[in-house]
Amino acid sequence: AGWLITHCLWAEVAVELGDHDVAGVLYERLLPWWRLFAASGPFPLHAVAHSLGRRAALNGRIYDAKGHFTEALAVHQRMRAPFCIAATQLAWGRLLLPHDPDGARRLLANAATIAAQHGYGYLQRSVHNKEGAVLAAHKQRASPVFDARQ
C-alpha cells in the first residue's frame with residue numbers, strides 16, 4: 001500500500017514540474033494498478049487513474065488522459081469522495097481547455113461548486129485560475145457564464 005501511494009505522489013510532483021522522463025517511468029509502474037485507489041492506512045489520496053490521467057495529459061495524449069480521468073471520476077463517485085471528484089474535474093478541465101472549452105467549463109464549474117460546498121480553498125483558487133481562461137475563451141458567447149463568486 002505504501003508503494004502505491006508513494007508512486008502516485010511522485011507522479012503528481014513530476015507532472016507539476018513538467019518532468020516527462022520521471023513521469024513516464026512512474027506512468028509505466030502505475031499502469032497495472034489503474035483501477036485501484038491509492039491510500040496508506042487511514043490516509044486516502046485518489047484513484048491511481050487520476051495520476052495516470054495527469055501524466056497522459058502532460059504528454060498531450062488526450063485520448064488516454066480522458067480514459068484515465070473517466071475511470072478516476074467513476075472511482076471517486078463510487079467512493080463518494082468530493083475532494084477527489086473536484087480534483088479530477090479540475091485536472092480534466094485543464095486538459096480540455098484548449099480542445100473543448102465548453103466541456104472544460106462544465107468540469108471546472110462542477111469542481112468549483114464542490115470546492116465551495118466543502119471549503120476546499122486550494123481547489124477553489126485553482127479552479128478560478130483556470131476558469132478565468134475559460135471565461136476569456138467564451139467572452140464572445142451570448143450564453144451566461146458560470147461565476148462562482150456570485
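Presented here is an overview of the structure given in this document. (Residues numbered from 1 in each chain as written. Predicted model: local features only at pLDDT ≥ 70, side-chain atom pairs only at ≥ 80, totals over all residues. Heavy atoms only, no water.)

As a further point, take the packing of aromatic side chains. According to the stated counting rule, one finds three aromatic pairs in the structure shown. On the basis of an interplanar angle of 70° and a centroid distance of 6.4 Å, the ring pair of tryptophan 3 and tryptophan 33 is categorised as edge-to-face. Taken together, the positions of tryptophan 3 in helix α1 (residues 2-17) and tryptophan 33 in the loop between α2 (20-30) and β1 (37-40) put the pair 30 residues apart, joining distant regions of the chain. Geometry around tyrosine 27 places arginine 61 over its ring, the cationic atom sitting 4.7 Å from the centre. (Phe/Tyr/Trp six-rings, centres within 6.5 Å; stacked < 30°, edge-to-face > 60°. Helix = DSSP H or I, 4+ residues; strand = E, 2+ residues; numbered from the N terminus. Lys NZ or Arg CZ within 6 Å of the ring centre and 35° of its normal.)

Now for the pairing of β1. Regular strands place their side chains on alternate faces of the sheet. In the sheet, β1 pairs with strand β2 (residues 43-47) via four bridges, with the strands oriented antiparallel. If you follow alanine 39 over to β2, its bridge partner there is proline 44. In textbook terms, the turn of a hairpin is the stretch between consecutive antiparallel strands, and for β1 and β2 this stretch comprises two residues, one of which, glycine 41, has a positive phi near 60°. (Pairing = 2+ DSSP bridges.)

Another point: a nonpolar patch on the surface. A surface patch of nonpolar side chains, amounting to about 310 Å² of accessible area, comprises Trp3, Trp33 and Leu36. Summarising the element assignment, leucine 36 is placed in the loop between α2 and β1. Take leucine 36: its relative accessible area is 38%, and that puts it in the partly exposed class. (Patch = residues over 30% accessible without salt bridge, like charges linked within 9 Å, V, L, I, M, F, W, Y side chains within 5 Å. Areas by Shrake-Rupley, 256 points an atom, 1.4 Å probe, with all protein chains shown as cover. Salt bridge = Lys/Arg side-chain N within 4 Å of Asp/Glu carboxyl O. Buried < 20%, exposed > 50% of the residue type's maximum accessible area, 1.4 Å probe, protein only.)

Grouped together as the largest cluster of nonpolar side chains are 23 residues, with contacts concentrated most on Phe69, Trp92, Leu123 and Val127. Of all the secondary structure elements, the ones that give two or more residues to this core are α4 (62-79), α5 (82-96), α6 (101-118) and α7 (121-137). The residues touching valine 127, leaving out its near neighbours within four places in the chain, are Leu90, Leu108, Ala111 and Ala112. The next biggest cluster of nonpolar side chains, apart from the first, holds eleven residues, and it includes Leu4, Ala11, Leu26 and Leu30. (Core = buried A, V, L, I, M, F, W, Y, C linked by side-chain atoms within 4.5 Å. Contact = heavy atoms within 4.5 Å.)

With that out of the way, let us pick up the environment of histidine 68. With respect to the secondary-structure elements, histidine 68 resides in helix α4. In this structure histidine 68 comes out as buried when scored by relative accessible area, which is 8%. C-alpha separation for the pair histidine 68 and serine 51, spaced 17 residues apart in sequence, amounts to 8.4 Å. Discounting residues that sit within four places of it in the chain, histidine 68 has contacts with Tyr27, Leu31, Ala49, Leu52, Gly53 and Ala56.

Any functional reading would require information beyond the geometric quantities listed.
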